[in-house]
Amino acid sequence: KYFGRAIKKLEGLFRQCKELSSFLKKRVMIEKEHLRSLTKLSFSIAEERQLKFEGAVGDSWEELKEQLKYGTNHRQATITSLETQALQPLKRTILGELEAAFKKVTNEASQVIQGYNTQRMVLYKAKEKYKKHSSEWEASLLAIHHEHGGDWLPNARGKLLEKEEGLFSKMTGSREDYVLVMETTNWLQHAVFTNNMPELTKTLFTIAKDVIAILTGALQSFSYVEAILDGTTKQDSDVPQLVPQFDAESYCLKCIFGGVELEKVPQPVQFTFQEYFLQDEAAIIHIKKVQYQCRAKLNASDLVAQGAAFAHSVGSSYKMPNPHLVETCIEYLSQPRAFKEEGLFRVPGDSTVIRKYHSAYTMVADPNYAELQESIMKELDPNNITGLLKLHLRERPLFSQDTFTMIRGKHDGSDDKDKNLLPDVILESASKEELETLLKVVTLFCLVIEHSSENRMSSDVLALSHVHFHS
C-alpha cells in the first residue's frame, strides 16, 4: 500500500522532470539563437569603420560598443550556467542515474510482490484441494453408513471401504500439503514484509529525497538565470527567492510516502490453518471407525501391561503429544531398516541427539516441521528415534489424567474384571484425538512385533520397554 503510493508519486515526479528538462532545453536553444544574433550584431558594429562620431558623442559610442560586447559575453556565461546548473543535473542525475536506480527498485519490488502473490495463490489452491478431498471423504463416510447402518465398518468390506480409505488417504495428504504450504507462505510473508519491502522502501525513500533535492537546486538556478536574462537583477544578492529552501526529507515523508512512519509500517496477519469440520453425523461415524480400528489392533493383555504407561501424572499440566513429532518418528520407524533393527525400543540412543530433536519440536515457538522431518528421516541410528518417541510420550503421554482416571474407574468398577474389557473401556473414554494417536502408536508396535524374529522384540519385552512412559 505505502510502497505503491510512493511509486505512483515518483513516477509522476519523473514525468514532470522530463517535461521541465524539455522546456529548459528549448529555452537554452532560444537563448543560444538570440545570442548568435547579438554576437553577429556586436561584431558588425565593432568592425564598422564608416560610422564615426567626434567629441562626447564619439566617447559615448565607443562605450556603447564595449557594453554590447560585455553584454554578449555575460549572456553567454548566463546561458552556460543555465545548462550546467539546471538542465544537466536534470538530465544526467534525475533522468539518468536516479531514474535507473528507481527502475531497478521497482523491478525488484515487482518480482518480490509477484512471488508473494504467486505463493498466496498456491496456498489458496492447496486449501481448496484439502476442502475438496475432505468433502469427498465425508460424503463417502455418509454413503457407507447409510448403506450398511450402525455396524457399517465390520460389514462394509470390499471396494466401497477401499474407496473410502483411498479418499481418506488423499484427504490426509492434501491436509499435510496445505499445512506445509501455509507454513511456507507465512515464512515468505515474514521475509517480504520484514526484510525485502522495508529495504526496498528505504532505497526508494533515498532516491525520492535525492530527486527532490536536485530538482529544487535546478529550479533555483533557473529562477536566478531568468532574473539575469530578463534584466531583473545584476547581483546575486538581488535574486528573488522564487523557489525557497525546504527540508527534502520532510517533504518526501509527507507528500510522497503519505506521512507514514517507515519504521512502523503495520505487518499483515499470518495465515492460519482452517480445519475442515465434519458434519455431526459424519464426525460420529469417523469416531466409530477409529474405535473399530483401535479394537482390531489392540491386544488386551498388552494393554494391561501398558495401560498405566500412557497416562499423565496427577497434579501436572497436561499437553497433548505433538502430532508432527509422533508422525515423523512413526514414519521413520516404519521403514524396514528401522523396524528390523535388533534391540529396537530396548537399546538406548544418543541422549544429546534425542534432546536436540525434542527441544526443536517442543521448545521453539514456531518449529520448522519440514526441516525437522527431513533431518530425522536422514538419521542413521534408529535407536535415537525410538528414544525421541519414548521421551516425548513420557513427557506428553497419550492419555490425559482425566481420561486415564475415567478408564481406571470404569475398569475397576466393573463386576467382571476380565482384562479383555479394557479395549472397550478405552474406546468409550478416550477422545478422538487420543484414539487417533494411540492407533498410530499401536500400529507401529504391531509392525515391530510382526518382525520379532529380526528385531528380537516380543510383545512382552516391548511392553516392559515402555513402562517408563509413565511419568
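How each quantity is defined
- Residues numbered from 1 in each chain as written.
- Predicted model: local features only at pLDDT ≥ 70, side-chain atom pairs only at ≥ 80, totals over all residues.
- Heavy atoms only, no water.
- Helix = DSSP H or I, 4+ residues; strand = E, 2+ residues; numbered from the N terminus.
- Expected span 1.5 Å × (residues − 1).
- Buried < 20%, exposed > 50% of the residue type's maximum accessible area, 1.4 Å probe, protein only.
- pLDDT = per-residue confidence, 0-100.
- Contact = heavy atoms within 4.5 Å.
- Axes fitted to C-alpha atoms, helices over the stretch in contact; angles between N-to-C directions.
- Parallel < 35°, antiparallel > 145°, perpendicular 65-115°, else oblique.
- Left-handed = near helix turned anticlockwise from the far one by under 90°.
- Nonpolar A, V, L, I, M, F, W, Y, C, P; charged D, E, K, R; others polar.
- Core = buried A, V, L, I, M, F, W, Y, C linked by side-chain atoms within 4.5 Å.

Engineer: Give a detailed account of the environment of Thr403, specifying residues and quantitative values.
Structural biologist: Relative to the helices and strands, Thr403 is located in helix H13 (residues 401-412). Sequence spacing of Thr403 and Ala430 is 27 residues, and the spatial spacing of their C-alpha atoms is 5.8 Å.

Engineer: I'd like to hear about helix H12 (residues 382-395), residue by residue, with values.
Structural biologist: Given a rise of 1.5 Å per residue, 14 residues ought to cover 20 Å, and the 20 Å separating the end C-alpha atoms of H12 matches this to within 8%. Along H12, the residues that are buried comprise Pro382, Asn383, Asn384, Ile385, Thr386, Gly387, Leu388, Leu389, Lys390, Leu391, His392 and Leu393.

Engineer: Tell me what's going on with the confidence of the model for the protein chain, and back it up with residues and numbers.
Structural biologist: Scored by pLDDT, the protein chain comes out at a mean of 76, with 74% of its residues at no less than 70. Considering each helix and strand of the protein chain separately, the mean pLDDT is smallest for helix H7 (residues 300-306), with a value of 46, and largest for helix H8 (residues 323-333), with 90. Confidence drops under pLDDT 50 across residues 300-316; counting only partners more than four residues distant or on other chains, this segment forms 41 contacts. Scored below 50 in pLDDT, residues 467-471 shows 16 contacts in the model against residues more than four places distant or in partner chains.

Engineer: So what's going on with the packing of H8 against H12? Which residues, and what values?
Structural biologist: Between H8 and H12, whose axes approach to 10 Å, the crossing angle comes to 150 degrees. Comparing the axis directions of H8 and H12 gives the class roughly antiparallel. In the packing of H8 onto H12, the handedness of the crossing is left-handed. When H8 is examined against H12, the residues Leu325, Val326, Cys329, Tyr332 and Leu333 are found in contact with a partner set consisting of Pro382, Ile385, Thr386, Leu388, Leu389 and His392. Considering only residue class, the contact of H8 with H12 consists of nine nonpolar, two polar and no charged.

Engineer: Please provide a residue-by-residue account of the environment of Arg394, values included.
Structural biologist: Mapped onto the fold, Arg394 is located in helix H12. Taking the C-alpha atoms as reference, Arg394 lies 9.6 Å from Pro321; in sequence the two are 73 residues apart.

Engineer: Which residues make up the nonpolar core, and what values do they have?
Structural biologist: If you look at the biggest cluster of nonpolar residues, it comprises 40 residues, and the most contacted ones within it are Leu333 and Phe345. Sorting elements by how many residues they give to this core places helix H15 (residues 432-450) first, with nine residues. Ranked by size, the runner-up nonpolar core spans 39 residues in total, among them Leu35, Ala86, Val105 and Leu215.

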